[in-house]
Amino acid sequence: MADTRRRVKLYMLNEDRQWDDRGTGHVSSAYVERLRGMSLLVRSETDGSILLESKIQQDTAYQKQQETLIVWSEADNYDLALSFQEKAGCDEIWEKICQVQGKDPSVDITQDVVEESEDERFDDMPDAAPPIELPACETSKLEEIAELFSSVLPSPIRREKLAVAIEAESYIRKLVDLFHMCEDLENIDGLHHLYEIFKSIFLLNKNALFEIMFSDDIIFDIIGILEYDPTTPTPTKHREYLRNTAKFKEVVPMTNSELETKIHQTYRVQYIQDVILPTPSVFEENMLSSLSSFIFFNKVEIVSMIQDDVKFLTTLFAQLTGEETDDNHRRDLVLFLKEFCTFSQTLQQPNRESFYKTLSNLGILSSIEIILGLDDEKMKLAAIDIFSYIVEFSPSMVREFILHESISVDDEDLLINLVIEQMINDTDPELGGAVQLIGILRLLLDPENMLATASKTEKSEFLSFFYKHSMHVLTAPLFANTADNKPSRDDYQSAQLLGLILELLTFCVEHHTYHIKNYIITKDVLRRVLVLLKSRHSFLVLCALRFCRKIVGLKEEFYNRYIIKENLFRPIVDAFLANGDRYNLINSAMIELFEFIKVEDIKSLSTYIVETFQKDLEGIKYVKTFETLKVRYEQQRDRNRDKHSFDSPLKKVSPIKLKKASGKRKWSDFQVLPDIDDDDEEDSDRHAASIVRNNRFRRDARAPDEDEEMWFSQDDENDENESSPQVSEILKNKIDSDLDHIHKLWESKKTKENQPDVGETPPRLLSGTKSAINISIKTGSNSSLSSLLSMPDSPGSPSGSPPAPGSPESPNSPPTSPHSPNRLCPTPHVSPNSNNSLTNKVNTSSSNITTTTSPTTTTASKVTDSPPSTNAVTTKTPGLKGLVDYPDEDSEEEEEEEEEDVIAPSPKRPRVGT
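Scope of this entry: the structure provided in the associated data block. Just so it is clear, the structure is predicted and the values come from calculations on it, not from any experiment.

**Points about the overall build of the chain**
Helix and strand content of the chain: 34 helices and nine strands. Burial status across the chain gives 45% buried among its 914 residues. Long-range pairs, those at least 24 residues apart, make up 69% of the contacts in the chain with a sequence separation of at least 6. For the chain, the computed accessible surface area is about 48500 Å², with 49% contributed by carbon and sulfur atoms.

Structure follows, in structure tokens:
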């Protein structure tokens, strides 16, 4: 078993002049080679790590306080303290410190403390200041004593000398004897001098003197001396209050007399600091730091002793929850427990965790649940304070308890529901308790402090439980007060309660996801909240607007559809118009809501506002918000109309299937597929999208030549002079004429089979040509062919070329087919003269007719003077009028390989006639 004599707690003074617990361990003194001297070592009792390794310096001032404390300063603003469990251990370490420094162990301080900031004041003083000689403790010397004590306060060295002299000569007890004499003789001047003397003793800020003054036998005499303040005409009766009015109630018998003494002492010293002594602003900063430290360590000891007394705590909770306990005694138990938890706030994190874990094991949450079910308001308020301490320290522990008890407890008896009911039924006109409880609920519902482990997710479990078992209790006042079209109760207390509930609901909207979303939709919460816009209390109207603004601020279409469907902006617009031109918070909040919708461009809500409330809001001219919303709505409507008019003819375009041959992509067959049924609408949309991708709206980067401009202008004039048929009618006429023409080709081929073969006319070579395009027409289908053959020339089609064979300007060109009126682009046709055929081939053994299209390319080509070749004339697919056909990315590499055999086009791009 470890030596308990050397068991210590290590403390460090923080920036706020509060002691931080650095851990518990065992202290020893040994020679450390690295530090080259005797050092104090503290090893943790949990893992054996070194908490402290401090060399005992010769010039360091060590102080021994309260028989179990050793305090010293390592460096500037770096104060340390060792709190021993037993006095024997403190004495043992103190003797070793004194031995290293060569000091007498009987003293309580080993060095004179000199504050560095005040060194310049005493540069002229000798290193060894002479000891202070105290005057004789007599009534006639009281004025001289008071002057001496007040004169040494500016000097740290003289303060130390005076403190040593007072302690050595038992001067405090001699002054107490003089107090009794002066009080018996009613010597008011002497009593006033004694007040000044003891005020100076307090300002010496020495723990050793506090130990003497706060001992049980003379503490009331010290309080009596402090009653005779010269600034007050009559003495304040502090002793009478402490003896007669302030009663110590021993709710559970204490077997530890040391604990009881420590409680009495702490209460009285706290009373001196808070009530008797002047406010701290009168003194210099940290002038009474040792007094605060004295109270702090006392509280730590009290909590530790009670926590270690298992029998005491077991008896306390047994009586607290026992049915036979009367209300008065139970009230005292609750108040004692509240004070106990208040003292625990001074503990550091590890100790507080152990403290609340002990209370949890003893059933403190079940006790709070019982107390909240009683009718005693005083007990309820104390229980709420205790509950707030627990939730602030460990909300997860409370959530775990609530989930566990929900298995066997009805909803109305759940702890969280009792807390909500306490909040709703708060009798305070200002709802002070309700505000405190809303803060507690927010901590419990905050996902940021919820744990997520591998086995379970606290957030999902607790929120699902809360929305199922407790949310209806929280929103009950809201639904009860908004059953009609206006608030049923509009008094100040009801409005304040509803405001608190709305604040919590707004918090839920911001931090919770589908739970609050489903609850708002299913319970129509937003409609009920917007009823409160008719309240006469502006703060409640703003709470309702804040709730709506938080929902809109999420920019979720789920909420937006709900708002539009239920027309939930109608109450907002009505309240906005009812507010009129008054420039107030309500007006600004509502305008900010509409401005947010405009700035964030929430299209669904913008359209809803303009279409529904345009007439109501068109008169609002002092802000541009509503005018801008209307303009954006009209612009969006025009864009949608234009897009619809462009997309409508593409809806019926049939897909083009590509086949791959020899690993390279070729336009091998254009297959005309059957018409798309309504059931295949989804496939149709997908194929139409592919057509749009292949024929994107992009203007050609090349500026058109003069001939092209004249040609396009001529087409535009013709379109203006005569009414063009609908696109669908044009496609129908076009495909009919093409099929008739192909039928004539078929008949012509049959006639030519009986005639002798004639050499073919050598084809033209075009720069930038690719592999031949073969059009494959399946019988009984014409949609793909019509979509291809009816496509007009693109702006990038070649122009300005010399007349080519087969063009209208060529002497050998055949006449235009009479079966294709109003055609939008030239179509391939074959001359009856076999000597001038354009390599059109008819395969009579197949159901497919293969023909080569006329050389209409998306890039300008120039006729070359190369010798005749047997290569077929090739072209890219004709594009839509006004579009540029961009090749697929997959074929870029293949095109680069084939361009090596192609003659580069000239800068002048002449038109290739048909």
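**Comments concerning the packing of helix 11 (residues 310-321) against helix 14 (residues 364-372)**
Contact pair helix 11 / helix 14: the axes reach a minimum separation of 10 Å and the direction vectors enclose 25 degrees. If you check the angle between helix 11 and helix 14, you find them roughly parallel. By crossing handedness, the relation of helix 11 to helix 14 is classed as left-handed. Here Phe317, Leu320 and Thr321 of helix 11 lie close against helix 14, whose contacting residues are Ile364, Ser367, Ile370 and Ile371. Classifying every residue of the contact of helix 11 with helix 14 gives five nonpolar, two polar and no charged.

**Details of the nonpolar core**
Nonpolar side chains in soluble globular proteins tend to end up buried together. Counting residues in each nonpolar core, the largest one holds 137 residues, and the members touching the most others are Ile368, Phe387, Ile416, Met423, Val552 and Phe569. Broken down by element, this core gets its largest block of residues, 11 residues, from helix 21 (residues 492-511). Not counting the four nearest positions on each side in its chain, Met423 is found in contact with Ala434, Leu437, Ile438, Leu441, Leu474, Leu497 and Ile501. Counting 51 residues, the second largest nonpolar core, distinct from the first, contains Ile132, Phe179, Ile225 and Tyr271.

**Thoughts on the environment of Ala146**
With respect to the helices and strands, the residue Ala146 is situated in helix 2 (residues 142-151). Residue classification places Ala146 among the buried residues on the basis of a relative accessible area of 11%. Sequence-distant contacts of Ala146, defined by excluding residues within four places in its chain, comprise His193, Glu196 and Ile197.

**Comments concerning a negative patch on the surface**
Taken together, the side chains of Asp410, Glu412, Asp413 and Glu421 make up a negatively charged region of the molecular surface. As for its position among the elements, Glu412 is in the loop between helix 16 (395-405) and helix 17 (415-424).

**Things to note about the pattern of salt bridges**
Evaluated as defined, the whole model comprises 32 salt bridges. Here Lys517 and Glu556 are joined by a salt bridge, their closest N and O atoms 2.6 Å apart. Separated by 39 residues along the polypeptide, Lys517 in helix 22 (residues 514-523) and Glu556 in the loop between helix 24 (538-553) and helix 25 (557-566) bring together distant segments of the chain. Residue classification places Lys517 among the buried residues on the basis of a relative accessible area of 18%.

**Some points on the state of the cysteines**
A complete count under the given rule lists zero disulfides for this structure. Cysteine Cys137 is unpaired, with the sulfur of Cys182 as its nearest cysteine sulfur at 9.7 Å. Since its relative accessible area comes to 22%, Cys137 is described here as partly exposed.

Cut-offs applied
Residues numbered from 1 in each chain as written. Predicted model: local features only at pLDDT ≥ 70, side-chain atom pairs only at ≥ 80, totals over all residues. Heavy atoms only, no water. Helix = DSSP H or I, 4+ residues; strand = E, 2+ residues; numbered from the N terminus. Buried < 20%, exposed > 50% of the residue type's maximum accessible area, 1.4 Å probe, protein only. Contact = heavy atoms within 4.5 Å. Areas by Shrake-Rupley, 256 points an atom, 1.4 Å probe, with all protein chains shown as cover. Axes fitted to C-alpha atoms, helices over the stretch in contact; angles between N-to-C directions. Parallel < 35°, antiparallel > 145°, perpendicular 65-115°, else oblique. Left-handed = near helix turned anticlockwise from the far one by under 90°. Nonpolar A, V, L, I, M, F, W, Y, C, P; charged D, E, K, R; others polar. Core = buried A, V, L, I, M, F, W, Y, C linked by side-chain atoms within 4.5 Å. Patch = residues over 30% accessible without salt bridge, like charges linked within 9 Å, V, L, I, M, F, W, Y side chains within 5 Å. Salt bridge = Lys/Arg side-chain N within 4 Å of Asp/Glu carboxyl O. Lys, Arg positive; Asp, Glu negative; His and termini not counted. Charge placed at Lys NZ, Arg CZ, Asp CG, Glu CD. Disulfide = S-S within 2.5 Å.

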